[in-house]
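# Examination of the molecular architecture
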There are 2 protein chains.
Amino acid sequence: MSRPRFFVPDARPGAAAIALPAEEAHHLRHVLRLTVGADVAVFDGRGREWDARVTGVGPSDAVTVELVGEIPPATEPTVRVTLGIGILKGDQMNAVVRDATMLGVATVAPFVSAYVSVPSRVWKGDAVRARWRRIAIASAKQCRRAIVPEIAVATPFADLVRAPFDERLICVEPSSSDATTAFRLPPRPATALVLIGPEGGWAPEELEVARQSGATRLRCGPRTLRAETAPMVVLSALWTVWGW
Amino acid sequence: MSRPRFFVPDARPGAAAIALPAEEAHHLRHVLRLTVGADVAVFDGRGREWDARVTGVGPSDAVTVELVGEIPPATEPTVRVTLGIGILKGDQMNAVVRDATMLGVATVAPFVSAYVSVPSRVWKGDAVRARWRRIAIASAKQCRRAIVPEIAVATPFADLVRAPFDERLICVEPSSSDATTAFRLPPRPATALVLIGPEGGWAPEELEVARQSGATRLRCGPRTLRAETAPMVVLSALWTVWGW
């Protein structure tokens, strides 16, 4: 069995006793029912991971661990991909954040575009962003990734598409003309932006802005993909070309 | 806007008035609120599709259409893939059937293996299979596919892995040794079986049976994939190699 993993952003080699964040301590004590002496793994969310041992389980859920030895983290993709996602309904966004974390993106960047139809409470404010971050942390724990992707503040589409990236890909409908299907892409840019529209798709002026900023139009197969599953399909295809 | 699509297994060119199945008639009348004269599309689930017009909306939800002209269906993959899936919980299985339909499989073949942990009511009996078929139909409608994949009767893993296929792929954990990551696969077999285990993974004897039947061990990247999302990741990777 693999060791249970915990997200400990304050993990530092050499520290005597490292405290777990409250949510992680709760998970360790009350969900997994571990106690002093248990072998666990901890990762700092920025790419480092250690075998560790539980050294203290105090009152009010305080849990401390000591690091036993650094271990190699799961490999990260060589391309830093930002997933730009047109904001979807709450549970669909949760699934996108979870799956994009599992599929190795560096950043999830929600955007607002003409056909985003969900109310602003779905995407505005620190509480929403904090929830997406908790989902990303939970997914990183589960998929054994040592990096928690950044959740960017939601921005207008036009700002995101113009941000600096080596490669820009915009996913379009199967019926779109002049889209590339074969991924005739330059091998492995350093950074890439992958843009996936909301359920309503793209407004013509958005496709034009994307064209002007040098985005490649991309289709993934002849069938219409569901908005919340399109990111997984496109990312899997990209890693198959660029290397996992 | 695309025409709304309906699944009409009895659609035949030359027929004067073609009746919609009850569920489709209900969808047309009460969800989409269409009436006589509406332009729709119908597909027979076996690969043919037509533009059609509503010609009759009778009592007790009866709806008839006439075919106006045959239209080219969405392209099907050149490889007939059977997705063998270790049975998961009810809602996860629903998601797998839905997404596998969208990703072009010919057949979904649920199997029972050592670590399948769900009770038999989740997978046994005609009612369960009928529900999976309804999900496949709904997904085919939504993704604009003209073929509804077959839902096979759940079988023991050992029977499925020995069934005749040109290519057998078994998906294993990222930590597995001697698995191929690079998809060094013969280009486009005619038929392929893709085996994805249940949440508990594979028993050693199952991996041995798979080896004996010539299955290639396959990993998709360095992170642990969720059981219900693994099919989508693997199928997307395969189509990227074999062509969508």
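In case you missed it, the structure is sitting above this.
All of the points below concern the structure found in this document. Predicted model only: the values in this text are computed from it and were never measured.

### Observations regarding the interface of chain B and chain A
Of the residues lining the interface, 30 residues belong to chain B; the matching set on chain A comes to 30 residues. Buried area between chain B and chain A, both sides added, is near 2,600 Å², and the carbon and sulfur share of it is 64%. Connecting chain B to chain A are zero salt bridges. Taken together, the links from chain B to chain A amount to eight residue pairs in polar contact (both at pLDDT 80 or more). Sorting the residues of the side of chain B that touches chain A by element identifies α2 (90–102), α3 (126–143) and α6 (230–242) of chain B as the ones contributing at least two each. With six residues, the single largest contributor to the side of chain B that touches chain A is α6 of chain B. Taken together, the residues that form the side of chain B that touches chain A break down as 14 nonpolar, nine polar and seven charged.

### Digging into the packing of aromatic side chains
All names here are of chain A. Evaluation of the coordinates by the stated rule reveals eight aromatic pairs over all chains. The interplanar angle of 45° and the centroid separation of 5.6 Å between the aromatic rings of Phe 7 and Phe 43 together place this pair among those described as tilted. Taken as a pair, Phe 7 in strand β1 (residues 5–7) and Phe 43 in strand β3 (residues 39–43) lie far apart in primary sequence, 36 residues in all. Ring geometry for Phe 111 versus Phe 157: centroids 5.2 Å apart, planes at 55°, classification tilted. Taken together, the positions of Phe 111 in strand β7 (residues 107–112) and Phe 157 in helix α4 (residues 157–161) put the pair 46 residues apart, joining distant regions of the chain. This pair shows no difference in class: Phe 111 is buried, exactly as Phe 157 is. An aromatic cluster of three or more residues is present, and its members are Phe 111, Phe 157 and Trp 202. Just above the ring of Phe 43 sits the side chain of Arg 5; from NZ or CZ to the centre is 4.2 Å.

Calculation criteria
Residues numbered from 1 in each chain as written. Chains lettered and ligands numbered in written order. Predicted model: local features only at pLDDT ≥ 70, side-chain atom pairs only at ≥ 80, totals over all residues. Heavy atoms only, no water. Contact = heavy atoms within 4.5 Å. Buried area = accessible area lost by both parts, 1.4 Å probe. Salt bridge = Lys/Arg side-chain N within 4 Å of Asp/Glu carboxyl O. Polar contact = N/O pair within 3.5 Å; in protein donor to acceptor, adjacent residues only side chain to side chain. Helix = DSSP H or I, 4+ residues; strand = E, 2+ residues; numbered from the N terminus. Nonpolar A, V, L, I, M, F, W, Y, C, P; charged D, E, K, R; others polar. Phe/Tyr/Trp six-rings, centres within 6.5 Å; stacked < 30°, edge-to-face > 60°. Buried < 20%, exposed > 50% of the residue type's maximum accessible area, 1.4 Å probe, protein only. Lys NZ or Arg CZ within 6 Å of the ring centre and 35° of its normal.

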